[in-house]
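Observations on the model geometry
Chain by chain, the residues:
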Amino acid sequence: MARWCYRHRLVVLVLWVGALFGLGAAGTSAGTDYSNVFSLPDTDSKQAYDLMTKAFPRSSGDTDTVVWRSSGDAGSVTDTAVRSRIEPALKEIAGMRGVGEVVGPYDAKNAAQISRDGRTAFAQITFTDQANGVPKDLVQKVVDTAQDAERDGLRVELGGQAITRTQEPPTGVAEVVGIAAAAVVLFLAFGSLFAMLLPIVVAIMGVGSGMMATMLLSHVTNVPEVAPLLGSLIGLGVGIDYALFIVTRHRRGIQRGLEPEESAVRALNTSGRAVLFAGGTVCIALAGMLVMNLRFLDGVVIATSLTVVLSVLAAITLLPALLGLLGRRVLSRKQLRKLAAAGPDPAEASGPAARWSAYVQKRPRSIAAMALVVMAVLALPVLSLRLGATDQGNNQESTTTRQAYDLLAEGFGPGFNGPLQVVVPGGADTTELVRTIRATDDVAQAAAAPPAGGITVIQVVPKTSPQSVGTDRLIDRLRDDVIPEAGVEAHVGGVTAVFKDFASVTGERLPYFVGAIIGLGFLLLLIAFRSLVVPLTAALMNLIAAAASFGVLVAVFQWGWGTEFLGIGKEGPITAFLPVIMLSLLFGLSMDYQVFLVSRMHEEWVHTGDNARAVRVGLAETSRVINCAALIMICVFSAFVLSGDMEGAMAGIGLAAAVALDAFILRTALVPAAMHLLGRSNWWLPGWLEGRLPHLAVEPAEPPAESPAGPYKNTPHKNTGPRKNTEHVQTAEHIKTAEPEKSGTGGATVVHGFLRTADGDPLAGASVTLVSRGGRQLDRVTSIADGSYIVSVPAPGAYILAVTARGLASRAHHVTVGSGPLVHDVELTDEGAGLVN
């Protein structure tokens, strides 16, 4: 498929552009029909909701509030000077097209809409449509008309879902900022404008298609308003990262001398397979949210999974087409000049990554201990985690919705913004129940509305705010004590009660959800790496990362550390559904990094049987790409603080913290340190289990650029390291046959070992070439930081192994390879001038 997309690149581009514009046109024409369904089956608030819906059919439109307060010499809100400014404004709003009704406080039956001190009053505006369907121009016109009534001593503010739309930043601000930051990181990593643009274009196409498709799906299923935001958040992150992995492999292939088409095909066959595995893992993790059996999350699963699927599809189809358009221009001009002048030069691990990897190998205990201490400290705040719901009281102080919220709380009490409804069916007498509720602690007001359809609703205003622990306790007290003692059937409902039940159900089911996704990850890694310890380590790391990231979330959003600096409003409880979404995304992203890191270690272990070398080489060769991918994720996620949505800001900060901790502390330090300490136990698997597990190739080893033999396979073999009696050969004529090691395997195999100087120092950057006796080059590699090399051998027989290094005499060795891996160490000196052709 990759080759077809590469060769038919124009067709692929036309199909993708056509799909994007087609979905965009359909989505724009149909509009959106997002709905927030927080009610839960088998909960007290759901029963109250059903009864109220039956007795009092809901208005078809959204209800918002205009709040005004007089101060100083302005007098009370009932004075003529105030009424003369407010009533004309309310009348004008009532006459606007799209406004269904305006209920003001100046009618005798609505006197309760004026505070006891006479300084605060409110009017309710009911639109003909729900909040998302109200034209933004109409909402802005309502806001402007109401606030035009202000004068010295008279303050007017507005609150409600429709009013919130006027405070939202322009659509796409968070996405644009995230993409811009990611572009800077990609340019610094690649040094090429064209290579930098590739992941950006792929991510935009995938996310754009996902967003348009989600808009259309909102008309056929319940998709919450926050779902598109979360879909774009995760889609941008994984879309850019997946394209980054493939482009990095493709660039490395061209630098090794492959033609662009062959390099692209191999990149898709290696990194592309890993992308498919990673994308499938993320979707499975997201589908794990269905275990919670919460209707609200179904739409989130659909939106985010669809966006991830389209991002993966763009990475494996659109990206090879774009690679075909660019050809060798994915390399920078400097890299192209170097390739033309010096020939193929594989990009082996060196520099800071290799030095850090060696340092981790030397001090695994101290590094593991420091990493655990850091993660434990960051996880401490999670002990005070409290789930709940955000409301307009958490908005920034400069917003009119936050100021309206505060005015209502000041004039009518903190609980006025979140009243409770005690619903009594069956026409029972509620006089005694109302009297008992009024006498209950933390109740400010309680009044029964006239019965309708045999159902009575008692409006209860708590003394505490909707997000207060005291309000939660009041709900429990009403349900457990007050109502049972009254001897009547009644149910406690209202938005505050619904959110409390939502948080309770989430907390009860969360352990099952965590167990499901951790168990799934264990099974996938067990099959992929044929080990019990590797998936156990990954599961433990996922739990550590989750605890630490939630600790950061609690400190910022619940404790309020840094909220003013970030400009995200007032602190409050963590949104009840956020842990489920964050754990799903964190699990999927952690699996990406774990697979990318451990697959390289596993490949090295299979070739050498040396755990220390496998861990060191794996970390040295993957840490740079993992860190670059993580930095891009952090930029994209952090930008969602600018989304204007509290849930989006929470998800962005939480996921940014999770990715940073996972990549920079766990995968770069704690995981390799733990694997060094565990030694060969990392790869242990009982024999009875080995035969029963299916085989899953996550990311096959990339075949040598010139080898006709294709991929090789061998059993783990212990690398004996540099031997003291290393052979010292002066010229090509002084040749000694190295004895092959005995092995029970046949077919393709390898020659591996270490290159050293005369002083015993490792020789990095030397070229090692395997040549047939007929003079044909079979494989060529470059030694890495510790001086080690591995060349592929197509079959047992006699070969020539040539070693060249700048400033040292070249060497050629005849080697006879048996049916198993051959360890062959070489020492180079600056003596002699023997050259190998």
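Residues numbered from 1 in each chain as written. Predicted model: local features only at pLDDT ≥ 70, side-chain atom pairs only at ≥ 80, totals over all residues. Heavy atoms only, no water.

Secondary structure assignment for the chain yields 24 helices and 18 strands. Once local pairs closer than 6 in sequence are excluded, the contacts in the chain between residues at least 24 apart make up 78%. Total accessible area on the chain is roughly 34900 Å²; 57% of this is exposed by carbon and sulfur atoms. (Helix = DSSP H or I, 4+ residues; strand = E, 2+ residues; numbered from the N terminus. Contact = heavy atoms within 4.5 Å. Areas by Shrake-Rupley, 256 points an atom, 1.4 Å probe, with all protein chains shown as cover.)

Attention now goes to the confidence of the model for the chain. Overall, the predicted model of the chain reaches an average pLDDT of 81, with 89% of residues at or above 70. When mean pLDDT is compared element by element in the chain, helix H14 (residues 364–379) scores highest at 94, while helix H20 (residues 563–566) scores lowest at 70. In the model, residues 701–746 has pLDDT below 50 throughout and makes 98 contacts with residues more than four positions away in sequence or in other chains. Scored below 50 in pLDDT, residues 832–837 shows 8 contacts in the model against residues more than four places distant or in partner chains. (pLDDT = per-residue confidence, 0-100.)

Despite not being glycine, Asp 442 has its phi angle at roughly 70°, a positive value. Within the secondary structure layout, Asp 442 lies in the loop between helix H16 (431–438) and strand S7 (443–448). Judged by its relative accessible area of 25%, Asp 442 falls in the partly exposed class. For Arg 530, which is not a glycine, the phi torsion comes out positive at approximately 50°. Judged by relative accessible area, which is 13%, Arg 530 ranks as buried. (Buried < 20%, exposed > 50% of the residue type's maximum accessible area, 1.4 Å probe, protein only.)

Moving on, we come to the side chain of Gln 467. Secondary-structure assignment places Gln 467 in the loop between strand S8 (456–462) and helix H17 (469–486). On the basis of relative accessibility, which here comes to 14%, the residue Gln 467 falls in the buried class. Residue contacts for Gln 467: discarding those within four places in its chain leaves Arg 386, Ala 389, Thr 390, Asp 391, Asn 394, Glu 571, Gly 572 and Pro 573.

Right, let's talk about the nonpolar core for a bit. If you look at soluble globular proteins, the nonpolar side chains tend to sit buried side by side. Core analysis: the biggest nonpolar cluster contains 159 residues, and Met 289, Leu 297, Phe 557, Ile 632 and Phe 637 have the highest contact counts within it. Sorting elements by how many residues they give to this core places helix H23 (residues 646–678) first, with 19 residues. Not counting residues up to four positions away in its chain, the partners in contact with Ile 632 are Ala 182, Val 185, Leu 186, Ile 240, Asp 241 and Leu 244. Residues Val 77, Ala 89, Ile 93 and Met 96 belong to the second largest nonpolar core, which totals 29 residues. (Core = buried A, V, L, I, M, F, W, Y, C linked by side-chain atoms within 4.5 Å.)

Taken in spatial order, the 4 strands line up as S13-S12-S15-S16 in an open sheet, and their pairing is antiparallel. Edge positions in the sheet fall to strand S13 (777–782) and strand S16 (811–817), since each of these pairs with one other strand and no more. Averaged over all pairs of adjacent strands, the angle between strand axes in this sheet comes to 20°, irrespective of strand direction. In the sheet, strand S12 (residues 767–772) pairs with strand S15 (residues 797–804) via 6 bridges, with the strands oriented antiparallel. Bridged to Thr 769 within S15 is Ala 802. (Pairing = 2+ DSSP bridges. Axes fitted to C-alpha atoms, helices over the stretch in contact; angles between N-to-C directions.)

Examined against the element boundaries, Tyr 799 turns out to sit in strand S15. A residue is classified by how much of its surface remains accessible, and Tyr 799, at 8% relative accessible area, is buried. Along the primary structure Tyr 799 and Ser 772 are separated by 27 residues, whereas in three dimensions their C-alpha atoms are 5.1 Å apart. Those residues in contact with Tyr 799, other than ones at most four positions away along the chain, are Leu 770, Val 771, Ser 772, Leu 778, Val 793, Pro 794, His 813, His 814, Val 815 and Val 817. Of the polar contacts made by the side chain of Tyr 799, one reaches the backbone oxygen of Ala 795; its length is 2.5 Å. (Polar contact = N/O pair within 3.5 Å; in protein donor to acceptor, adjacent residues only side chain to side chain.)

Locating Leu 478 in the fold gives a position in helix H17. Ignoring anything within four residues of it in the chain, the contact list for Leu 478 reads Leu 420, Ile 437, Ile 483, Pro 484 and Val 492.

Together, Val 184, Phe 187, Leu 188, Leu 193, Phe 194, Leu 197 and Val 201 make up a nonpolar patch on the protein surface, roughly 640 Å² of accessible area in all. Secondary structure elements with two or more residues in the nonpolar patch: helix H7 (173–190) and helix H8 (193–217). Among the elements that take part in the nonpolar patch, H8 stands out by supplying 4 residues, more than any other. Relative to the assigned elements, Phe 194 resides in helix H8. (Patch = residues over 30% accessible without salt bridge, like charges linked within 9 Å, V, L, I, M, F, W, Y side chains within 5 Å. Salt bridge = Lys/Arg side-chain N within 4 Å of Asp/Glu carboxyl O.)

At a closest axis distance of 10 Å, the pairing of helix H9 (residues 227–255) and H23 adopts a crossing angle of 25°. In terms of orientation, H9 and H23 fall into the roughly parallel class. Note on packing geometry: the crossing formed by H9 with H23 is right-handed. Seen from H9, the contacting residues are Leu 229, Leu 230 and Leu 233; seen from H23, they are Gly 648, Ala 651, Gly 652 and Leu 655. (Parallel < 35°, antiparallel > 145°, perpendicular 65-115°, else oblique. Left-handed = near helix turned anticlockwise from the far one by under 90°.)

For helix H10 (residues 260–287), with 28 residues, the first-to-last C-alpha span of 37 Å sits near the 40 Å given by 1.5 Å per residue. The largest bend in H10 is about 35°, located at Ser 271. Of all 28 residues in H10, 20 are buried; the element is thus mostly enclosed. (Expected span 1.5 Å × (residues − 1). Bend = angle between axes of the 7 residues up to and from the residue.)

This part is about the packing of aromatic side chains. All told, the structure shown has 7 aromatic pairs when counted by the stated rule. With 5.8 Å between their ring centres and 15° between their planes, Trp 605 and Trp 683 make a pair best called stacked. Note that Trp 605 is positioned in helix H21 (residues 578–608) and Trp 683 in the loop between H23 and helix H24 (687–690), a separation of 78 residues in sequence. Of the two residues, Trp 605 and Trp 683, neither departs from the other in class, the shared state being buried. One residue, Arg 329, lies across the ring of Phe 194, its end atom 5.5 Å from the ring centre. Just above the ring of Phe 754 sits the side chain of Arg 613; from NZ or CZ to the centre is 5.9 Å. (Phe/Tyr/Trp six-rings, centres within 6.5 Å; stacked < 30°, edge-to-face > 60°. Lys NZ or Arg CZ within 6 Å of the ring centre and 35° of its normal.)

Bringing the sheet that holds strand S4 (residues 154–159) into the picture now. One open sheet holds the 4 strands; their spatial order is S2-S3-S1-S4, and the pairing between them is antiparallel. In the strand order of this sheet, the two ends are held by strand S2 (99–103) and S4, each with one partner. This sheet shows a mean twist of 20° between the axes of neighbouring strands, independent of strand direction. Where S2 and strand S3 (residues 120–127) come together, 4 bridges link them in antiparallel fashion. Residue pairing for S3: Glu 101 is matched across the bridge by Thr 126. Packing against the sheet, helix H5 (residues 136–147) makes contact with strand S1 (63–70), S2, S3 and S4, and its axis sits at approximately 160° to S4. Along the sheet, helix H15 (residues 400–412) contacts S1, S3 and S4; its crossing angle with S4, the most-contacted strand, is approximately 110°.

Moving on, we come to a negative patch on the surface. A contiguous patch of negative charge, built from Glu 92, Asp 144, Asp 148 and Glu 150, is present on the exposed surface. Looking at where Glu 150 falls in the secondary structure, it is placed in the loop between H5 and S4. In this structure Glu 150 comes out as partly exposed when scored by relative accessible area, which is 32%. (Lys, Arg positive; Asp, Glu negative; His and termini not counted. Charge placed at Lys NZ, Arg CZ, Asp CG, Glu CD.)

Bringing the pattern of salt bridges into the picture now. Enumeration over the complete set of coordinates arrives at 20 salt bridges. A salt bridge links Asp 501 to Arg 479; the shortest N-O distance between them is 2.8 Å. Residue Asp 501 is located in helix H18 (residues 495–529), and its partner Arg 479 is located in helix H17; the two are separated by 22 residues in the primary sequence. Assessed through its relative accessible area of 7%, Asp 501 is described here as buried. Residues participating in the shared-partner salt-bridge network are Arg 3, Arg 7, Glu 261, Glu 262 and Arg 266.

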